[in-house]
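This is what each chain is made of:
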Amino acid sequence: MDPAGQAAAAFRAAHGREPEGVWSAPGRVNLIGEHTDYNDGLVLPFTLPHRVAVAATRRSDDVLTFGTVDWAQHLTTAADQRIDDLRPKTIDNWSAYPAGVAWALRARGIEVPGADLVMASTVPTGAGLSSSAAVECATAVALLGLAGTTLPLPEIARIAQQAENDFVGMPCGILDQTASLCCTAGHVLFLDVRSGEAVQVPFDAAASGLEVLVIDTRVSHSLAESEYADRRRGCEQAAKTLGVTSLRDVSVEELGQAEAQLPAELAPLVRHVVTENDRVRRTVDHLRAGELRQIGPLLDASHESLRDDYRVSCAELDLAVTAARRAGALGARMTGGGFGGSAIALVDADAREDIAAAILAAFQKQGLRAPRIFPAIPSAGAGRDR
Ligand code: GLA
């Protein structure tokens, strides 16, 4: 069953009536443009067919109830919350994400009604595929729907990000939430975080006999959050030292000069961000020219930069990337924040089985848990399902 059907069925079982509506939002991969979003930079995500669905109905009081179902329709509930009582960083379970969205919508002046919410998800969790952003965005469109109002998608993305930054306490950028809301089927989203300009760029890998594989390493290292905050601080520090608003202000031509002004631990961070923005632009140029195969070396260079300069990769991601390339992938890189989660590989569609088998064999040889490998097909962003 699709997550919308699952959420609706679980809602009926839990509440004995039909939900007023079902809304859903997808997980994402980022084709290229990693750790650039919080530097006012460029990103190029697309959304997956994997989605979080929220079946929801208004209540007559000011209470939010939360339920989530697993694949076997087993319902887990979290403590009910009065919307007026919501306080940042006070909920330490998954319901902090939807509760945070209600809190952030209220802070934006939206009259969020009390509601019963039941969620179902096919987005792998802890896989770097933005399951949290999918929960936030599905909740946001559901609560706005129940409130009988709407907002421009980029604004909903900022509200979802605020929920994660201020209510949950994770200092993420705007990449995941914008992707989940604004991506469209068959396209990558070329987002300039500084200007907010978002352009849909056609991405039809199948038409070129290609496919993007997701390799979910199924590891999630505990340092991910602290290291993320650490890199973010490093970038801010570097921008301050260079006297610029953000690292977006440094061009490839100015890079050598900028590096010379920076302490040894900050220079590689800047090198990554500046060269990564450049790789995003070049990727977009290739896609617009229909040269999909040519993006392979850019994906490879992005991974190397994240591994060696930005230092957010890990042994499992490096193995996934190396094994994919050795088996004939045109290019491969980690995607998302790093320290576990997923890599992507651009492959010839008819080589997919061989490449997947080679990756599995490489993991087995090292005694590692088998990764989950599946094709990534650019799919629709958030919306109402029923
Ligand atoms: C995580 C964050 C995003 C972005 C990526 C790295 O997914 O949530 O905002 O910073 O890492 O590109």
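The residue numbers shown here count from 1 along each chain, following its written sequence. In keeping with the model being predicted, local features are shown solely for residues with a pLDDT of at least 70 and side-chain atom pairs are shown and tallied solely at 80 or more, while totals for entire chains, interfaces and linings include all residues. Note that water and hydrogens are dropped before the side-chain values are worked out from all heavy atoms of the structure.

Undergrad: Can you walk me through the pattern of salt bridges in this structure?
TA: Once their charged atoms are close, side chains differing in charge can pair, the charge on each being opposite to the other. Salt bridges are defined as contacts in which a side-chain nitrogen from Lys or Arg sits within 4 Å of a carboxyl oxygen from Asp or Glu. If you walk through the whole model with that rule in mind, you get 31 salt bridges. The closest approach of N and O atoms between Glu304 and Arg325, which form a salt bridge, is 3.2 Å. Pair noted here: Glu304 is in helix H9 (residues 296-309) and Arg325 is in helix H10 (residues 315-326), with a separation of 21 residues, a long-range link. Summary of the burial criterion: residues with accessible area below 20% of their type's maximum are buried, those above 50% are exposed, and those between are partly exposed, where the area comes from a 1.4 Å probe applied to protein chains only. For Glu304, a relative accessible area of 30% gives the class partly exposed. Here Arg307 ties to Asp308 by a salt bridge, and the two come within 2.7 Å at their closest N and O atoms. Residue Asp308 is classed as partly exposed on the basis of its relative accessible area of 46%. One network of salt bridges, with partners in common, ties together Asp62, Arg82, Asp84, Asp85 and Arg106. In this description a helix means any DSSP run of H or I spanning at least four residues, a strand means any run of E spanning at least two, and both kinds are numbered starting from the N terminus.

Undergrad: Where do I start with the site of the ligand in this structure?
TA: Only a single heavy atom is needed: when it lies within 4 Å of a molecule or strand, its residue is near that molecule or strand. Around the ligand lies a shell formed by Arg28, Glu34, His35, Asp37, Tyr38, Cys172, Gly173, Leu175, Asp176, Tyr228, Gly336 and Gly337. Distance and chemistry together define a polar contact, namely a pair of N or O atoms within 3.5 Å, with one atom able to donate a hydrogen and the other to accept it when in protein, and with adjacent residues in sequence counting only for side-chain atoms on both sides. Contacts to the ligand include Asp176, whose side-chain N or O atom sits 2.6 Å from an oxygen atom. Here an oxygen atom of the ligand and a backbone polar atom of Gly337 are 3.4 Å apart. Surface exposure here means Shrake-Rupley accessible area, sampled with a 1.4 Å probe, where a residue is shielded only by the protein chains that are shown. Notes on the ligand: free accessible area 310 Å², of which the protein chains cover 93%.

Undergrad: Explain the pairing of strand S5 (residues 75-82) to me, please; I cannot follow it from the model alone.
TA: Consecutive residues of a regular strand have side chains that alternate between opposite faces of the sheet. Between any two strands, pairing holds if DSSP finds at least two bridges. Pairing analysis gives six bridges linking strand S4 (residues 63-69) to S5, with the strands arranged antiparallel. Its bridge partner being in S5, Val63 is matched across the sheet by Arg82. Between S4 and S5, which follow one another and run antiparallel, lie five residues, and Gln73 among them has a positive phi close to 65°.

Undergrad: Explanation requested: the sheet that holds strand S7 (residues 187-192) in the structure shown.
TA: Backbone-to-backbone hydrogen bonds pair the strands of a sheet. The strands run either parallel or antiparallel. The strand order S2-S7-S8 describes an open sheet built from three strands, whose pairing is antiparallel. The sheet is open, and its two borders are formed by strand S2 (42-43) and strand S8 (198-202), each paired with just one other strand. As judged from the five bridges shared by S7 and S8, these two strands associate in the antiparallel manner. Its bridge partner lying in S8, His187 is registered against Pro202.

Undergrad: I would appreciate a short explanation of the packing of H9 against H10 in the present structure.
TA: The relative placement of two packed helices is expressed as an angle between their axes plus a distance between the axes. Only C-alpha atoms enter the line fits that serve as axes; for helices the fit covers just the stretch in contact. Angles between N-to-C directions range over 0 to 180 degrees. Running from N to C, H9 and H10 cross one another at 155°; their axes reach a closest spacing of 12 Å. The angle between H9 and H10 places the two elements in the roughly antiparallel class. You can see that H9 and H10 cross each other, and the crossing is left-handed. In contact with Asp300, His303, Glu304 and Arg307 of H9, H10 contributes Leu317, Asp318, Val321 and Arg325. The scheme is simple: roughly parallel for angles under 35 degrees, roughly antiparallel for over 145, roughly perpendicular for 65 to 115, oblique for anything else. By definition, any crossing whose near helix is turned counterclockwise from its far helix by less than a right angle is left-handed, and any crossing with a clockwise turn is right-handed. Here, two residues are considered to be in contact whenever any of their heavy atoms come within 4.5 Å of each other.

Undergrad: For this particular structure, what's the right way to read unusual backbone geometry?
TA: For residues that are not glycine, phi is negative in most cases, and the peptide bond is trans in most cases. Here the phi dihedral of Asp40 falls at roughly 60°; this positive angle occurs in a residue that is not glycine. With respect to the helices, strands and loops of the structure, Asp40 is situated in the loop between strand S1 (21-30) and S2. In this model, Arg218 sits at a positive phi of 60°, which is unusual for a non-glycine residue.

Undergrad: Is there a simple way to think about the UniProt feature "domain: Galactokinase N-terminal" (unreviewed entry) in the chain in this case?
TA: Residues annotated by UniProt as "domain: Galactokinase N-terminal" (unreviewed entry) correspond here to residues 10-57. Across residues 10-57, helical content stands at 12% and strand content at 52%; the span's end C-alpha atoms are separated by 13 Å. UniProt positions are given in the numbering used here, feature names are shortened, and annotations may be inferred rather than shown by experiment.

Undergrad: Quick question: what am I supposed to make of the sheet that holds strand S11 (residues 340-348) here?
TA: Strand order across the open sheet formed by four strands is S10-S11-S9-S12, with antiparallel pairing between neighbours. Edge positions in the sheet fall to strand S10 (331-334) and strand S12 (372-375), since each has one partner strand and no second. Between one strand and the next, the sheet's axes are offset by a mean angle of 20°, whatever the strand orientation. Inspection of the sheet shows S10 paired to S11 by four bridges, in the antiparallel sense.

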